[in-house]
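# Close look at the chain arrangement
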Amino acid sequence: AFRYCTSLIEVYNNSNLMITIGGDDNGYVGYYAKILYNKDGTKKYYNDSEIFIVETIDGFCFLEENDEYQLIAYLGVEEIITLPENYKGSYYTIAMKNSTAKKIIIPDSFEKINDNAFQDCYDIEEIEFSKSLSFGYYAFANCINLKKVHVDSIETWCSMIFAGEKSNPLFYANELYINGELVEKVEIPNNIDWLSNYVFINCTSIKEIYIPNTVTS
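This report concerns the structure included in the present document.

Definitions and limits used
Residues numbered from 1 in each chain as written. Predicted model: local features only at pLDDT ≥ 70, side-chain atom pairs only at ≥ 80, totals over all residues. Heavy atoms only, no water. Pairing = 2+ DSSP bridges. Helix = DSSP H or I, 4+ residues; strand = E, 2+ residues; numbered from the N terminus. Polar contact = N/O pair within 3.5 Å; in protein donor to acceptor, adjacent residues only side chain to side chain. Contact = heavy atoms within 4.5 Å. Salt bridge = Lys/Arg side-chain N within 4 Å of Asp/Glu carboxyl O. Buried < 20%, exposed > 50% of the residue type's maximum accessible area, 1.4 Å probe, protein only.

Here the focus is the sheet that holds strand E14 (residues 161-162). Read from one edge to the other, the open sheet built from three strands follows the order E10-E12-E14, with strand pairing classed as parallel. Each end of this open sheet is capped by a strand with a single partner; those strands are strand E10 (112-113) and E14. Of the pairings in the sheet, the one linking strand E12 (residues 134-135) to E14 comprises two bridges and is parallel in character. When the sheet's bridge partners are listed, Phe-135 is paired in E14 with Phe-162.

Take a look at the structure:
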């Protein structure tokens, strides 16, 4: 039906047909397509490297390559967002260069923030965690507008692991908040026996700290 329609680069699919970019099924309707709009609100397109990028209905952009997924941007309208717990039921990494959101909440499904995850993401002003994570190198490098880091408890924060100084959002934010309260006094819990390098780097809000005898390093 659409074979040799070489200018047919955009397809709006509100049907139940399984149309794919570059596919010769359904009468070649998607064979020459560069952008495919699905009825669930997602938008799939190729970038210049012929790699699939999918923009979800809520504004998250994922890169798909060799069955691996990477969150590369948020282009929605919300200023406070929670990252998706997964993408297509699978784990994804973060390489978020663009975000219109000011505050990002990391869901409990995450175990690690990968290297360079939010590097150069200049719009982020606040980030929130509710469980302890490990952070890869340069995870927050050049996030110069970060102002606040939120966690649910001092125990959660003391259990974080940082690969380098710019792995820690406090490097730029300077202020740590626990349940919305600015931390000025730190009492390290008795069940903490060591602290990661860089855990309180540049945290200028701290005025007092209590270190129990359980901490050995």
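Next comes the rest of the description.
Here we come to the side chain of Lys-103. Its place among the elements puts Lys-103 in strand E9 (residues 103-105). A polar side-chain atom of Lys-103 sits 3.0 Å from a polar atom in the side chain of Glu-128. Those residues in contact with Lys-103, other than ones at most four positions away along the chain, are Glu-79, Ile-80, Ile-81, Glu-126, Glu-128 and His-150.

This next bit is on the pattern of salt bridges. A complete count under the given rule lists five salt bridges for this structure. For Lys-131, the salt bridge goes to Glu-111, with nearest N and O atoms at 3.0 Å. Remark: Glu-111 occurs in the loop between E9 and E10 and Lys-131 occurs in the loop between strand E11 (126-128) and E12; sequence separation between them is 20 residues. Here Lys-207 and Glu-184 are joined by a salt bridge, their closest N and O atoms 3.9 Å apart. Here the residue Lys-207 occupies a position in the loop between strand E17 (185-187) and strand E18 (208-210), and Glu-184 occupies one in the loop between strand E16 (181-182) and E17, the gap between them amounting to 23 residues. With relative accessibility at 65%, the residue Lys-207 sits in the exposed group. Judged by relative accessible area, Glu-184 falls into the partly exposed class, the value being 36%.

These figures capture arrangement, not role.
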